[in-house]
Amino acid sequence: MTLPAFVPATGVLATLDLLQIGVDGDVAHLRLARPDKRNALNDALVRQLHTAFVNWPAAVRAVVISGEGRHFCAGLDLSELGERSTFEGVAHSRMWHAAMDAIQFGPVPVVAALHGAVVGGGLELASACHIRVAEASTFYGLPEGQRGLFVGGGGSARVPRLIGAARMTDMMLTGRVLDADEGQAVGLSHYRVADGEGVAKAVALARRIAANAPLSNFAVIQALPRIADLSQSDGLFVESLMAAIAQGDEAAKQRMRDFLEGRAGKVAKA
Ligand code: 1HE
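Residues numbered from 1 in each chain as written. Predicted model: local features only at pLDDT ≥ 70, side-chain atom pairs only at ≥ 80, totals over all residues. Heavy atoms only, no water.

1. Looking at the domain arrangement of the protein
Right, on to step 1. Here the protein is partitioned into domain 1 (7–210) and domain 2 (214–260).
Right, on to step 2. When each unit is reduced to the centre of its C-alpha atoms, the spacing between domain 1 and domain 2 is 27 Å.
Right, on to step 3. Listed as interface residues are ten residues of domain 1 and, on the opposing side, seven residues of domain 2.
Right, on to step 4. Contact between domain 1 and domain 2 buries roughly 680 Å² in total, counting both sides, with carbon and sulfur atoms accounting for 54%.
Right, on to step 5. Inspection of the domain 1/domain 2 interface yields one salt bridge.
Right, on to step 6. Among the ionic pairs, D229 bridges to R161, the shortest N-O distance being 2.9 Å.
Right, on to step 7. Put simply, domain 1 and domain 2 have four residue pairs in polar contact (both at pLDDT 80 or more) between them.
Right, on to step 8. Among the residues forming the side of domain 1 that touches domain 2, the class breakdown is five nonpolar, three polar and two charged. (Domains from an automatic or database assignment. Contact = heavy atoms within 4.5 Å. Buried area = accessible area lost by both parts, 1.4 Å probe. Salt bridge = Lys/Arg side-chain N within 4 Å of Asp/Glu carboxyl O. Polar contact = N/O pair within 3.5 Å; in protein donor to acceptor, adjacent residues only side chain to side chain. Nonpolar A, V, L, I, M, F, W, Y, C, P; charged D, E, K, R; others polar.)

The following block contains the structure:
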């Protein structure tokens with residue numbers, strides 16, 4: 001763990017040997033820990049990710065995910081592909097979907113700190129996170145086309161929502177690799193930082209996120225993507241319900257009082 005304030009997680013989280021998980025107050029840091037294999041996602045690692053994201057201690061309000069070694073994640077562990085039947089292939093993809101859904105639609109926002117390779121299933125994992133911070137070394141690829149595969153970890157649903165189906169088509173058909181600046185320009189990352197600064201930036205963002213009212217964060221990660229998938233009319237109706245639920249919460253009322261009585265910060269560019 002690079003951040004000394006983070007103490008190793010306990011309980012079921014401590015049993016996940018392919019992940020390093022530390023907690024510091026309301027922020028957890030989960031690190032993919034298969035650097036010898038460039039954090040390639042074998043079945044065990046995907047299952048451990050799923051387990052972690054349904055077992056956060058109640059005090060955790062935001063999570064940072066990063067990768068140990070020179071790369072964030074090399075995608076699917078190709079050594080496990082073997083000879084799967086069609087049905088086994090579907091089940092394998094659905095197992096990934098369950099893990100990625102646990103990240104995107106889990107209890108708390110997730111900030112990814114990216115560096116080096118973010119390829120194939122690694123990009124699918126990154127796109128299941130809510131905020132992406134990319135170091136200068138980051139590069140993005142979808143080599144499934146070259147490997148004779150198709151995305152199976154949610155990439156066809158999530159990546160086009162970030163960069164559009166046309167750009168994803170280019171990456172998959174031609175093997176085009178985007179560097180950190182190109183990824184930032186097309187919207188793969190929200191923040192672009194220098195090498196070595198990704199985790200610290202992600203933790204700083206996670207701390208800000210953790211300070212929001214939990215129900216507001218819930219609304220952003222649960223309601224917003226669903227509303228985006230609805231018709232405008234249905235989306236507006238769901239928005240009204242979510243807004244009323246959020247503003248009825250005691251945390252919202254307290255924050256209103258704090259602002260009106262001069263105890264809350266003003267909106268300002270950091
Ligand atoms: C792996 C994997 C892997 C590395 N599965 N073992 N993903 C890919 O097609 C990406 C394949 N990997 C690469 O292109 C490169 O490894 C990297 C650019 C990510 C990193 O390069 P480098 O020079 O730092 O490392 P390396 O020497 O290539 O690899 C180090 C070791 O990791 C080596 O094993 P070793 O036993 O010889 O030391 C590699 O074999 C191993 N390794 N990547 C298995 N992916 C839900 S569907 C998702 C579909 C996909 O994700 S397809 C894309 C798969």
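2. Description of the layout of surface pockets
Right, on to step 1. Estimates place the volume of the largest pocket at around 860 Å³.
Right, on to step 2. Lining the largest pocket are 30 residues; nearest its centre among them are C129, H130, V220, L224 and P225.
Right, on to step 3. Contributions of two or more residues to the lining of the largest pocket are made by α2 (86–104), α3 (121–128), β7 (131–135), α5 (155–163), α8 (198–210) and α9 (214–229).
Right, on to step 4. Among the elements that make up the lining of the largest pocket, the one with the highest residue count is α9 (eight residues).
Right, on to step 5. The residue inventory of the lining of the largest pocket, partitioned by class, reads 16 nonpolar, seven polar and seven charged.
Right, on to step 6. Size it by volume and the second largest pocket reaches roughly 510 Å³.
Right, on to step 7. Taken together, 24 residues line the second largest pocket, and the ones lying closest to its centre are L76, L81, E144, L149 and F150.
Right, on to step 8. Within the residue set of the lining of the second largest pocket, elements represented by two or more residues are α2, α3 and α4 (144–147). (1 Å grid on protein atoms, 1.4 Å probe; cavity = no way out; pocket = protein on both sides within 12 Å on 5 of 7 lines; lining within 4 Å. Points joined across faces, edges and corners; volume = space filled by probe spheres on them. Helix = DSSP H or I, 4+ residues; strand = E, 2+ residues; numbered from the N terminus.)

3. Considerations on the sheet that holds strand β8 (residues 139–141)
Right, on to step 1. Reading across the sheet, the three strands line up as β6-β8-β9 and stay open at both edges, with mixed pairing between neighbours. Both edges of this open sheet fall to β6 (117–119) and β9 (178–179), since each of them pairs with a single strand only.
Right, on to step 2. With two bridges connecting them, β8 and β9 associate as antiparallel partners. Note that in β9 the partner of Y140 across the bridge is L178.
Right, on to step 3. Packed on one face of the sheet, α3 meets β6 and β8 and runs near 90 degrees to β6. (Pairing = 2+ DSSP bridges. Axes fitted to C-alpha atoms, helices over the stretch in contact; angles between N-to-C directions.)

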